[in-house]
Amino acid sequence: MSHNILSIDKEIFQAFVLHGARVAGIYKSTMHISLQETILTLGDRVGFGKHHIVCKEKIPFSELDYKVGDDVKIENHILTIASHQFIIHEAAIIEYKPFDRIYTLNQKSYQCLKALREMIEKDHDQNLFRFPKDNPWLKYQFEKIQVFLAAPGLPSALSILGLGMGLTPLGDDILTGFILGLQAVGKTLPWIPKLIETAKIKTSQLSYQNLKDTYDRYYPNIFIDMMEGVFTQNDIEKAKAILNLGATSGAGILTGFIYGCM
């Protein structure tokens, strides 16, 4: 069975050719691939980015003959997994670079961040601003998150690292968004490298990859589109693509982003 690749990072492409990789996880519409110490996400709606391999076609990975541990290799511009081939045209090999633009927080962008918070609260039912108070697990998570957001520091950041369920726990999504927000307006905090270092052993490999990519400014295009919308176009419409990520991931990332910017 043959598919087409729309985007793969040039450096990642070269590493595949040299070292090969293995399937690390199989899901309904995405697959995780382990390449040396890096986790890559393969799928049609993962967003363009350094560690994302974007397919042209929608593929029901969990329904096909893939297995965790399958070899993944690239030869003659064809990526092969099990009985499936993914054609990589030259135009699909892109050199992703860190996004180094810094934005200015002014009255218009401040109002956009306020509107973004209102959108999260209105359009998502499990977020910091509105969640079922009779759910003890959610209440516990959001109380710890509130402590971090009220006084960001290494101890409070470590207390929410790995907090939550799923491939990217809610606490990690908050931290990812928070780092994104800080960097968007040209700020940083001295303890973030230690947080990233700890994430390598304390949380999921995918969450660690997301945190490190964000700190290294390798943002997926949906992050860049959202920031351009907020700070340049003064519009939150493009934030909806992030809000729709996972059960709580999108709302967590956007919540952290708002607080990081402020």
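Our subject is the structure that appears above.
What comes next concerns the included structure. For every chain, the first residue of the written sequence is number 1, and numbering continues from 1 onward in sequence order. pLDDT decides what is reported in this predicted model: residues at 70 or higher carry local features, side-chain atom pairs at 80 or more are listed and counted, and totals for whole chains, interfaces and linings draw on all residues regardless. Excluded from the side-chain calculation are hydrogens and water; included are all heavy atoms of the structure.

1. Concerning the packing of helix α5 (residues 170–184) against helix α8 (residues 221–231)
At step 1: Packing of α5 against α8 brings their axes to within 12 Å, and their N-to-C directions diverge by 50°. The angle between α5 and α8 falls in the class oblique. In this structure, α5 crosses over α8, and the sense of that crossing is right-handed. Mapping the contact onto sequence places Thr 176, Leu 180 and Ala 184 in α5 and Phe 223, Met 226, Met 227 and Phe 231 in α8. Helix axes are fitted only over the stretch in contact, all axes being lines through C-alpha atoms; the angle between N-to-C directions runs from 0 to 180 degrees. Going along the chain from the N terminus, every DSSP run of H or I of four or more residues is numbered as a helix, and every run of E of two or more is numbered as a strand. Geometric relationships in this document are graded by angle, where less than 35 degrees denotes roughly parallel, more than 145 denotes roughly antiparallel, 65 to 115 denotes roughly perpendicular, and other angles denote oblique. By convention the crossing between two helices is left-handed if the near helix lies anticlockwise of the far one by an angle smaller than a right angle, and right-handed if it lies clockwise. Two residues form a contact once any of their heavy atoms are found within 4.5 Å.

2. Focus: the environment of Leu 42
At step 1: Looking at the secondary structure, you find Leu 42 in strand β4 (residues 38–43).
At step 2: Once the C-alpha coordinates of Leu 42 and Met 31 are considered, the two residues, 11 residues apart in sequence, prove to be 5.1 Å apart.

3. Here we look at the layout of surface pockets
At step 1: Put plainly, a pocket is an open set of points on a 1 Å grid over the protein atoms alone with protein on both sides within 12 Å along at least five of seven lines, a cavity is a set where a 1.4 Å probe fits but cannot get out, and a lining residue has an atom within 4 Å of a point. Grid points are joined across faces, edges and corners, and a volume is the space filled by probe spheres set on the points. Of the volumes computed, that of the largest pocket is approximately 1200 Å³.
At step 2: For the lining of the largest pocket, the elements supplying multiple residues, two or more each, are β3 (30–35), β4, α3 (136–150), α5, α7 (205–215), α8 and α10 (249–261).
At step 3: With six residues, α7 is the single largest residue contributor to the lining of the largest pocket.
At step 4: Each residue is assigned to one class: nonpolar for Ala, Val, Leu, Ile, Met, Phe, Trp, Tyr, Cys and Pro, charged for Asp, Glu, Lys and Arg, and polar for all the others, Gly among them. Considering only residue class, the lining of the largest pocket consists of 17 nonpolar, 21 polar and seven charged.

4. Description of empty space enclosed by the protein
At step 1: Taken as a whole and judged by the stated rule, the model has one cavity of 30 Å³ or more.
At step 2: Volume-wise, the largest cavity comes out at about 30 Å³.
At step 3: Within the residue set of the lining of the largest cavity, elements represented by two or more residues are α5 and α10.
At step 4: When the residues that make up the lining of the largest cavity are grouped by side-chain class, the tally is five nonpolar, five polar and no charged.

5. Overview of the nonpolar core
At step 1: Each nonpolar core is a collection of buried residues, namely Ala, Val, Leu, Ile, Met, Phe, Trp, Tyr and Cys, held together in the definition by side-chain atoms within 4.5 Å. Exposure is judged per residue with a 1.4 Å probe applied to protein chains only, and the accessible area is read against the type maximum: over 50% gives exposed, under 20% gives buried, and values in between give partly exposed. Leu 116, Phe 148, Met 226, Met 227, Phe 231 and Phe 257 are the most contacted members of the largest nonpolar core, which has 52 residues in total.
At step 2: Here the element with the most residues in this core is α5; it accounts for eight residues.
At step 3: Not counting residues up to four positions away in its chain, the partners in contact with Met 226 are Leu 180, Lys 238, Ala 239, Ile 242, Leu 254 and Phe 257.

6. Focus: helix α1 (residues 10–19)
At step 1: Every buried residue belonging to α1 is among Ile 12, Phe 13, Ala 15 and Phe 16, and all of these are buried. Projected down its long axis, α1 carries its buried residues within an arc of 165°, all on one side.
At step 2: Two to three positions downstream of the cap, the backbone nitrogen of Glu 11 sits 3.0 Å from a side-chain oxygen, assigning the N-cap of α1 to Asp 9.
At step 3: Positive backbone phi, approximately 70°, marks Gly 20, located one or two places after α1. By arc we mean the arc of the directions from the helix axis to the C-beta atoms, nothing more. Whenever two N or O atoms come within 3.5 Å, that pair is a polar contact, provided that in protein one can donate a hydrogen and the other can accept it, and provided that, for residues adjacent in sequence, both atoms are side-chain atoms.

7. A look at unusual backbone geometry
At step 1: One non-glycine residue, Asn 76, lies in the positive phi region at around 55°.
At step 2: With respect to the secondary-structure elements, Asn 76 resides in the loop between β6 (71–75) and β7 (78–81).
At step 3: Classification of Asn 76 as exposed rests on a relative accessible area of 74%.
At step 4: Here the phi dihedral of Ala 82 falls at roughly 50°; this positive angle occurs in a residue that is not glycine.
At step 5: Tracing the backbone through its elements, the reader meets Ala 82 in the loop between β7 and β8 (84–88).
At step 6: Judged by relative accessible area, Ala 82 falls into the partly exposed class, the value being 39%.

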